[in-house]
Amino acid sequence: MKILITGGSGFVGNILYSKLFNKKNKIISLSSKDFDMRIQNNFKKLKKIKFDKIFHLAAWTQAGDFSIKNPGLQWVNNQLINTNLLNWWQSEQPKAKLISIGSSCVYPSGKNLMEKDYIKGMPREELLAYGMSKKMLHIGKLSLSQQFKLKYLSVVSSTLYGPNYPILDRTPHFIIDIIKKILIAKKKNKKVELWGSGNQRRESMHIEDFVNQLVLCEKKISNDIINIGPGFDFTIKQWAKIICKIVNYDFDKILFNKNKYTGVKEKKMSVLKLKKTLPNYKSIELLKGLDQTIQGIKKKIIIN
């Protein structure tokens, strides 16, 4: 098969490439460094290739308070990226199935967040630009599919962790941030500051589980949307206690700063559709996955 991966140099893109790579597949992996998707003319470079599948992972975003600081640029850049891709898909790649990654930040705060509500309501104010750009991406695929009989799949991702998470050039997601801070504090024999009361609830899953289920769902589902998440969540305090136990760090040394940005109080996606689609899938055991991640991060951080 001929497969295109946008955002191929990212956390998900690298793992997905490894998962799909074999002698039968021709894969082109694009990164923002060599292919700026905001420029429509760049897509002419791909004109001669007719793809079977397009995995759209590229997005202009980062974790933490990035969305608060960059709402305007987030909207403009992501709209350019997504609109250019959708236009190219419809006009040049009508036989390709387009699989894109949505975000759980599109949903409002709550638990058991279901796919039928993905394009309903409003994301939180600080995530409005990014969340709405993801909604628009799904609506764009849905609309083009209805008019031109195209195939697509929208996958909604929870926060991901894994040993190959890139931590050196950007703000990490909450679970990686906790691991990084605890490892550094243990090495320097210092205390850790985490944002918020610690009672806010978060879900997170191993990158290998996400990519495996992404590939399996893509083979079974078309023209639909599906959540891929772990199906459980913990408070930030509970996540921190689990990590402290693995790395042998005193949890009582952690300080929770209630004056810092904390995001939603609770956000957990329903995985009923996922379980019906992949009823026999066995996930990586939580402690094993977190230990893998911790060992991977240890190799990457430089402690002065």
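The model shown is predicted, which means the values in this text are computed figures rather than measured ones.

## A short note on the overall build of the protein chain
Piece 1. Of the regular secondary structure elements, the protein chain holds 9 helices and 14 strands.
Piece 2. Here the C-alpha atoms of the protein chain give a radius of gyration of 19 Å, agreeing with the 19 Å that 2.2 N^0.38 yields for 304 residues.
Piece 3. Dimensions of the protein chain, computed from the C-alpha atoms along their principal axes, are close to 60 × 45 × 40 Å.
Piece 4. Counted over contacts in the protein chain with a minimum sequence separation of 6, partners at least 24 positions apart contribute 79%.
Piece 5. Averaging the positions of the 54 positive and the 23 negative side-chain charges in the protein chain gives two centres separated by 4 Å.

## Concerning the packing of aromatic side chains
Piece 1. The tally for this structure, following the rule as stated, stands at 10 aromatic pairs.
Piece 2. Ring geometry for Y17 against F21: centres 5.7 Å apart, planes inclined by 20°, an arrangement best described as stacked.
Piece 3. Its relative accessible area of 52% is what places F21 among the exposed residues.
Piece 4. Ring centres of F43 and W88 lie 5.5 Å apart, and the angle between their planes is 40°; this geometry places the pair in the tilted category.

## Some remarks on the nonpolar core
Piece 1. Core analysis: the biggest nonpolar cluster contains 55 residues, and L16, V155, I175, I178, I182, F210 and L214 have the highest contact counts within it.
Piece 2. Once residues within four sequence positions are removed from consideration, L16 is found in contact with I5, F55, L57, V211, L214 and V215.

## Quick notes on the environment of Y165
Piece 1. Mapping Y165 onto the fold places it in the loop between β7 (159-161) and α5 (174-188).
Piece 2. Here the alpha-carbon distance between Y165 and I297, two residues 132 residues apart in the chain, equals 7.6 Å.
Piece 3. Residues contacting Y165, with those up to four places away along its chain left out, are F11, L160, T171, P172, H173, I176 and K300.
Piece 4. At 2.8 Å, the side chain of Y165 and the side chain of H173 are in polar contact.

## Examining the pairing of strand β4 (residues 97-103)
Piece 1. Counting buried positions along β4 gives 7 out of 7 residues, so the element sits mostly inside the fold.
Piece 2. Burial along β4 is two-sided: K97, I99, I101 and S103 and L98, S100 and G102, pointing in opposite directions, are all buried.
Piece 3. Summarising the sheet, strand β3 (residues 53-56) and β4 pair through 4 bridges and their orientation is parallel. Paired with K53 across the strands is K97, a residue of β4.
Piece 4. In terms of strand pairing, β4 meets strand β6 (residues 152-157) through 6 bridges, oriented parallel. The residue bridging I99 from the neighbouring strand is L153, located in β6.

## A short note on the packing of helix α7 (residues 236-247) against helix α9 (residues 286-300)
Piece 1. Remark: α7 packs on α9, axes separated minimally by 10 Å, with the N-to-C direction vectors making an angle of 70°. Regarding the angle of α7 to α9, the classification is roughly perpendicular. At the point where α7 passes α9, the crossing takes the right-handed sense. Across from W239, I242, I243, I246 and V247 in α7, the residues of α9 making contact are L286, L287, L290, D291 and I294.

## Overview of α5
Because an α-helix completes one turn every 3.6 residues, residues spaced three or four positions apart along the sequence face the same direction.
Piece 1. Helix length check: α5 (15 residues) gives 21 Å between terminal C-alpha atoms against 21 Å at 1.5 Å per residue, within 8%.
Piece 2. Positioned one or two residues after α5, N189 has a phi angle of 55°, which is positive.

## Some points on the pairing of strand β1 (residues 2-6)
Piece 1. Along β1, 4 of the 5 residues are buried, which leaves the element largely enclosed by surrounding structure.
Piece 2. Note that β1 and strand β2 (residues 26-30) share 5 bridges and pair parallel. Residue pairing for β2: I3 is matched across the bridge by I27.
Piece 3. Handedness of the crossover joining β1 and β2 through helix α1 (residues 11-20): right-handed.
Piece 4. Sheet topology note: the β1/β3 ladder contains 4 bridges and is parallel. When the sheet's bridge partners are listed, L4 is paired in β3 with I54.

Here is what the cut-offs are and how they apply
- Residues numbered from 1 in each chain as written.
- Predicted model: local features only at pLDDT ≥ 70, side-chain atom pairs only at ≥ 80, totals over all residues.
- Heavy atoms only, no water.
- Helix = DSSP H or I, 4+ residues; strand = E, 2+ residues; numbered from the N terminus.
- Rg over C-alpha atoms; globule rule 2.2 N^0.38 Å.
- Contact = heavy atoms within 4.5 Å.
- Lys, Arg positive; Asp, Glu negative; His and termini not counted.
- Charge placed at Lys NZ, Arg CZ, Asp CG, Glu CD.
- Phe/Tyr/Trp six-rings, centres within 6.5 Å; stacked < 30°, edge-to-face > 60°.
- Buried < 20%, exposed > 50% of the residue type's maximum accessible area, 1.4 Å probe, protein only.
- Core = buried A, V, L, I, M, F, W, Y, C linked by side-chain atoms within 4.5 Å.
- Polar contact = N/O pair within 3.5 Å; in protein donor to acceptor, adjacent residues only side chain to side chain.
- Pairing = 2+ DSSP bridges.
- Axes fitted to C-alpha atoms, helices over the stretch in contact; angles between N-to-C directions.
- Parallel < 35°, antiparallel > 145°, perpendicular 65-115°, else oblique.
- Left-handed = near helix turned anticlockwise from the far one by under 90°.
- Expected span 1.5 Å × (residues − 1).
- Right-handed = clockwise from strand over helix to strand, strands pointing away.

In short, the description is geometric, and any link to function would need to be established separately.
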